[in-house]
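# What the coordinates show
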Amino acid sequence: MVAVLGLASCGVSTTGVIEAGEAATAPSATVNVYLVRGGQVVAVPRQTPGDPSVTTALTLLFDGSTAVYAAKGYSSELPRLRTPVQVQVKDGMLVIVALSEAVGPLRPTAMRQVVCTAADAVRRSYPDGPPSSRQDTPATSGETSLAVPTAHVPVLVAVTTPAWRRTGSSLDCP
């Protein structure tokens, strides 16, 4: 009791809640998903909380167009999945997209949506080029040899299901 009275007499006043701005939120990232508009595959930015991985981008793609983008004429030719898409990225140059559901083979435009979304996400993950695309340059005048990315290395994307497999290349993307 004496300690409480001592603190009360030291001139420190009590305060209520002090507003210091907005509540903290998780960081968000932007990924591009490729939707269809006017028969063409087009990149559309989407916000995602946290990880902007290839898996995240493809999950958003298979979720389809949002109401906002649908109102602007964007659609998707991809089926909605009931199970999560499984993704493997090998050396930043090969993406394997495994669909566990029995869906029919993807039409060419739907396949381009998957290929372009996966390739864009890979390129964002490896801004200096995929690890396997780098080549050593000869050292000159005593300098250390540096790994330099080769330009325009295509990303290959394989979409597989229990019944079929189809592949595409980022070279076919806008």
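Going by the structure above, here's the rest.
What you see is a predicted model, and the numbers here were worked out from it, not measured in a lab. (Residues numbered from 1 in each chain as written. Predicted model: local features only at pLDDT ≥ 70, side-chain atom pairs only at ≥ 80, totals over all residues. Heavy atoms only, no water.)

Note: strand β3 (residues 86-90) against strand β4 (residues 94-98), five bridges, orientation antiparallel. By the bridge assignment for β4, V89 is matched with V95. Here β3 folds back onto β4 in antiparallel fashion, the turn holding three residues, of which D91 has a positive phi close to 55°. (Pairing = 2+ DSSP bridges. Helix = DSSP H or I, 4+ residues; strand = E, 2+ residues; numbered from the N terminus.)

Before going further, it helps to examine unusual backbone geometry. Of note in the backbone geometry, D91 takes a positive phi value of approximately 55° without being a glycine. For D91, the location among the structural elements is in the loop between β3 and β4.

For the structure shown, the criterion picks out one disulfide. Between the sulfur atoms of C116 and its disulfide mate C173 the distance is 2.2 Å. One quick way to see it: the torsion about the S-S bond of C116 and C173 is about -105°, and its sign makes the bridge left-handed. You can see C116 sitting in helix α4 (residues 108-125) and its partner C173 sitting in the segment after β8 (165-169), a full 57 residues away along the chain. Classification of C116 by relative accessible area gives buried; the value is 2%. (Disulfide = S-S within 2.5 Å. Buried < 20%, exposed > 50% of the residue type's maximum accessible area, 1.4 Å probe, protein only.)

Right, let's talk about the packing of aromatic side chains for a bit. Counted according to the given criterion, the structure contains one aromatic pair. Here the aromatic rings of Y69 and Y74 are separated by 5.5 Å at their centres, their planes lie at 85°, and the arrangement is edge-to-face. Both residues of the pair, Y69 and Y74, count as buried. (Phe/Tyr/Trp six-rings, centres within 6.5 Å; stacked < 30°, edge-to-face > 60°.)

Turning next to the nonpolar core. Counting 31 residues, the largest nonpolar core has L58, V95, V97, L106, V114, V157 and V159 as the members making the most contacts within it. The set of elements that each furnish at least two residues to this core consists of β1 (28-37), α2 (54-62), β4, α4 and β7 (156-160). Sort the elements by how many residues they give to this core and α4 lands first, with eight residues. Discounting residues that sit within four places of it in the chain, V157 has contacts with V95, V97, M111, V114, V115, A118, R166, T167 and G168. (Core = buried A, V, L, I, M, F, W, Y, C linked by side-chain atoms within 4.5 Å. Contact = heavy atoms within 4.5 Å.)

The next point concerns the packing of α2 against α4. Running from amino to carboxyl end, α2 crosses α4 at an angle of 150°, the nearest separation of the two axes being 8 Å. The angle between α2 and α4 falls in the class roughly antiparallel. The interaxial crossing formed by α2 with α4 has right-handed handedness. Across the interface between the two elements, V54, A57, L58, L61 and F62 of α2 pack against Q113, V114, T117, A118, A121 and V122 of α4. Broken down by class, the residue content of the contact of α2 with α4 amounts to nine nonpolar, two polar and no charged. (Axes fitted to C-alpha atoms, helices over the stretch in contact; angles between N-to-C directions. Parallel < 35°, antiparallel > 145°, perpendicular 65-115°, else oblique. Left-handed = near helix turned anticlockwise from the far one by under 90°. Nonpolar A, V, L, I, M, F, W, Y, C, P; charged D, E, K, R; others polar.)

The subject of this paragraph is α4. Between its terminal C-alpha atoms α4 stretches 26 Å, which fits the 26 Å expected from 18 residues at 1.5 Å a residue. Restricting attention to buried positions, one finds in α4 the residues A110, M111, Q113, V114, V115, C116, T117, A118, A119, D120, A121 and V122. (Expected span 1.5 Å × (residues − 1).)

On their own, these measurements won't tell you what the molecule is for.
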